[in-house]
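# Close look at the chain arrangement
Take a look at the letters that make up each chain.
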Amino acid sequence: MKSTRKAYGEYLVSIGNDTNVVVLDADVANATKTEMFKKEFPKRHIDVGISEADLIGTACGLALCKKTVFASTFAIFMTGRAYDQVRNTAAYSHVNVNLCATHAGVMVGEDGPTHQCIEDVALMNVIPTMKVLSPADDISTKKILELCKNEEGPKYIRLGRSDVEDIYTENDIFKIGGSNTFGNGTDGTIFAYGPTVAIALNSKKELAEKGIDVRVVDLYSIKPVDRETIIKCAKETNKLVSIEDHSIIGGIGSIISNVLCEEYPKKLEKIGINDTFGKSGSAKAVYEYFGLTKENIISKFI
Amino acid sequence: MANLEDMKEIARKARIDVIDMVYNAKSGHPGGSLSCMDILVALYHNIMNLNLDENGDRIDKFILSKGHAAPAYYAVLSSKGYIPHEDLKTLRKIDSYLEGHPSNKIKGIDVSSGSLGQGLSIANGMALAKKLDDKEGYVYCVLGDGEIEEGQIWEACMTANKYRLNNVIAFLDYNGLQIDGTIKDVKSVDNLNEKFASFGWNVQEIDGHNFEEIISAVNNAKKSLKPNIIIAHTIKGKGVSYMENEAGWHGKAPNEEEYKIAINELSK
C-alpha cells in the first residue's frame, strides 16, 4: 500500500542525480511529496509559493531551456486556476513539461469539495496535444513517469492522496496510448484508471466467486486512449461498466462512450461523480457516499 | 551592431511594415506595436547576443509578453532575416504561419504569447535555467502597461526577487492606454517605480523612443544584483499622427485613406 504521490516523490529522488532535472512546487511540497526531492537536491527544487499561474510559466521557461521539468501542485489549482497557463503556455508552445498534479478526485477526503478536483481529466483532455496519464499504484506511477520523462510535449499526470493497493510488478509494461487488461472474461468489462483500478479488481474477484467472469481494463493512458482495447472489449464481453474518481461528464466514461459511438455502439454504465460537487469525509466514507465501491460495481452485474 | 542612425531607419521601415501588415490583414494591433517598436529594434539590432551556444540555444532570450504587438515583433524578426519580408503581408491569413499572436512555430520565437500576464514567469524560468547551469546571457521581456493589471505579473516579480534573477531585464511599454481607455481610468497602476522597487526590482525610467536611453538602461541593468524593470515611456501609435495617444487604435486596422496617410507620414 502506498499513495501514488509518495511513489512520485520516490521517483523524483531516483532520477535526481541527473543534474538536468528540475522540480517545481507551489507551497505544497510536503503534500505533493516533491519535498523528498528537495531534501536531496535543494538547489534544483524551485518553490514559487502560492502562485500556480507563475508555477506553470516558470516551469515552461525552464523546460524551454531544455531542462527536464516536473511541476507539481494540487490538481484543482493546476488545472483550474492555471488553466490558461497550461493551455496557452505549456500546450500551445508544445513545451516538454511534466505537470504532475496530486490530490485529484474526491479521494482528497476531509478537505472537501473546494479541494476535490473532479474535472481535471475533462479539462486536460480537451487541450490540443496534451497527453493525460493516471497511474494506479506504486510501480505504475514510476513506470509512467519514466515514460513521460522521455516523451516530448506537455503531459498531465494525475496522482492521488490516499494509499492504494499494489497491483503491478516490475515486469508489467506501460506505454503512452496503452492499457492493461486483467483477465479475459466475457461476461463484462470494467474500465477504470487510477484508484478505481484496485476497486475494480476486487469486484472482479468477488464476481468470479458468483460465477460471473469479467475482465478489468486499466486505461492509465487517458489521452491518447487505447481505442482498440475498448472496441475489443465491447465486441467480446456482454456488459460494459466504467468507474472513476472524477465527474462522469467529460471523464473516462465520456471518453469510452465517444469511442463506442464512433466504432461499435454499445451501452456503457458509468460510475463516477454525476454533476455534483464532492463532500467532506474520510476518503473511504466519501467513496461510499458516491458509490465508488466494489459493491456498486457488483450490483451492475447482478 | 546597428548604430543610432541605422536603428532609426530600421524602426521607420519596420513601422511601415506594421501598417502594411495590419492593413492587409484588415485587423490587428497597430497602437501597441508602434509604441514598443524602438525597444524591439534596439534589442534585436544592438543589445541582444543572438548567437547560439554549444546546445544550439540563443545566448540571449526574448519574450514578447504583450503578444498583441506581434506585427512589430514579426517586422523586427524580418529585419533580422528570421522571417522572409514577403511573408509579412500574409499576417493573420488562413494559409499563413504568421498567426495573430506570436507562435513558437515561427523561426526565432521561443515561446507563444498573447494571453496577457504570462511572459514574465516564462522569462524567470529561462533565467533560472541559466543560473542553474551558470550560463551567460540575459532574458529580455517586453510587458504592456495594461498587462501588468494581471496578477501573475506580480507573482512573477516575487519569484524573480526570491531567486535574485538579475539576468532578467524587462521593459514596460508604458504608453498609458489600454482597450477601454487610459490606464489611469481603467485600473490606475500608479506609482510604478515604488511598486516594482518594493517587489525587490531594480527600476529605471526612460524615454522608450530614445535609442541611447534604451541602450544605456540595459547597460546599467547588467550591473544590477536585482531583477530589472525598465519603465519606458512611450507613445501609443508612435509615428502615425492620427494614431498617437488614441486608445481607439489599440486593435483596429486603417481604411484605405488612413493607410495612405500613415505610409506617407512614415515615408518622410
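On a predicted model such as this, the values are computed, not experimentally measured, just so you know. (Residues numbered from 1 in each chain as written. Chains lettered and ligands numbered in written order. Predicted model: local features only at pLDDT ≥ 70, side-chain atom pairs only at ≥ 80, totals over all residues.)

## As for the overall build of chain B
Operational definition: A run of H or I in DSSP becomes a helix once it reaches four residues, and a run of E becomes a strand once it reaches two; helices and strands are each numbered from the N terminus. The size measure is the radius of gyration over C-alpha atoms, and the globule rule it meets is 2.2 Å times the number of residues to the 0.38 power. Three exposure classes are used, all based on how many other C-beta atoms lie within 10 Å of a residue's own C-beta (placed from the backbone): buried at 20 or more, exposed at 12 or fewer, and partly exposed between those limits.
A count of helices and strands for chain B gives 9 helices and 7 strands. The C-alpha atoms of chain B give a radius of gyration of 17 Å, which matches the 18 Å a tight globule of 268 residues would have. Based on the C-alpha atoms only, the size of chain B along its principal axes is roughly 50 × 45 × 35 Å. Residues counted as buried form 52% of the 268 residues belonging to chain B.

## Some words on the sheet that holds strand β12 (residues 221-223) of chain A
Residue and element names in this part refer to chain A. This is how it is decided: Only when DSSP finds a minimum of two bridges between them are two strands counted as paired. Angular values range over 0 to 180 degrees, each being the angle between N-to-C directions of two axes fitted as lines to C-alpha atoms, with helices fitted over their stretch in contact.
The mixed open sheet is built from 7 strands, whose spatial order is β3-β2-β4-β5-β7-β6-β12. With one partner strand each, in any of the chains shown, β3 (45-47) and β12 form the two edges of the open sheet. In this sheet, adjacent strand axes meet at a mean angle of 20 degrees when their direction is disregarded. Where strand β2 (residues 21-25) meets β3, 3 bridges bridge the pair, whose relative direction is parallel.

## Some points on the domain arrangement of chain A
All names here are of chain A. In plain terms, the rule: Segmentation into domains, and thus their bounds, comes from an automatic or database assignment. For every residue pair, C-beta atoms are placed from the backbone, and the pair is scored as a contact if these atoms sit within 7 Å. Just so you know the grouping, Ala, Val, Leu, Ile, Met, Phe, Trp, Tyr, Cys and Pro go in nonpolar, Asp, Glu, Lys and Arg go in charged, and all remaining residues, Gly too, go in polar.
What the domain assignment lists for chain A is domain 1 (2-164) and domain 2 (180-299). Computed over C-alpha atoms only, the centres of domain 1 and domain 2 are separated by 25 Å. Facing 26 residues of domain 1, the contacting portion of domain 2 comprises 28 residues. By residue class, the composition of the side of domain 1 that touches domain 2 is 13 nonpolar, 9 polar and 4 charged.

## Some thoughts on unusual backbone geometry
All names here are of chain A. Put simply, lysine 223 and proline 224 share a cis peptide bond, and its omega is 0 degrees. By the element assignment, proline 224 lies in the loop between β12 and α10 (227-236). Phi angles above zero are rare outside glycine, and aspartate 275 is one such case at about 55 degrees. For aspartate 275, a count of 7 C-beta atoms within 10 Å puts it in the exposed group.

## Describing helix α1 (residues 4-25) of chain B
Residues and elements named next belong to chain B. Applicable threshold: What a helix is expected to span follows from its residue count: subtract one and scale by 1.5 Å.
Along its 22 residues, α1 runs 31 Å from first to last C-alpha, staying within 8% of the 32 Å computed at 1.5 Å per residue. Along α1, the residues classified as buried are Met7, Ile10, Ala11, Ala14, Arg15, Asp17, Val18, Ile19, Met21, Val22 and Tyr23. In the core, the buried residues of α1 are packed alongside α2 (30-47), α3 (70-79), α8 (211-221) and α9 (256-266). Positive backbone phi, at 60 degrees, marks lysine 26, one or two positions downstream of α1.

## Side note on the interface of chain B and chain A
Contacts between chain B and chain A engage 22 residues on the former and 24 residues on the latter. For the side of chain B that touches chain A, the secondary-structure elements that each account for two or more residues are α4 (119-133) and α5 (151-162) of chain B. At 9 residues, the largest contribution of residues to the side of chain B that touches chain A is made by α4 of chain B. Of the residues that constitute the side of chain B that touches chain A, the class distribution is 9 nonpolar, 10 polar and 3 charged.

## Comments concerning the packing of helix α1 (residues 4-15) of chain A against helix α8 (residues 138-149) of chain A
Residue and element names in this part refer to chain A. Filter applied, for reference: Angles are sorted into four bins: roughly parallel if under 35 degrees, roughly antiparallel if over 145, roughly perpendicular if 65 to 115, and oblique for all others. Put simply, a crossing is left-handed when the front helix is turned counterclockwise from the back one by less than a right angle, and right-handed when it is turned clockwise.
With their axes 8 Å apart at the nearest point, α1 and α8 run at an angle of 45 degrees to one another. Considering the angle they form, α1 stands oblique to α8. When you trace α1 past α8, the crossing you get is right-handed. The residues of α8 that touch α1, namely those facing Thr4, Ala7, Tyr8 and Tyr11, are Asp138, Thr141, Lys142 and Leu145. Residue composition of the contact of α1 with α8, grouped by class: 4 nonpolar, 2 polar and 2 charged.

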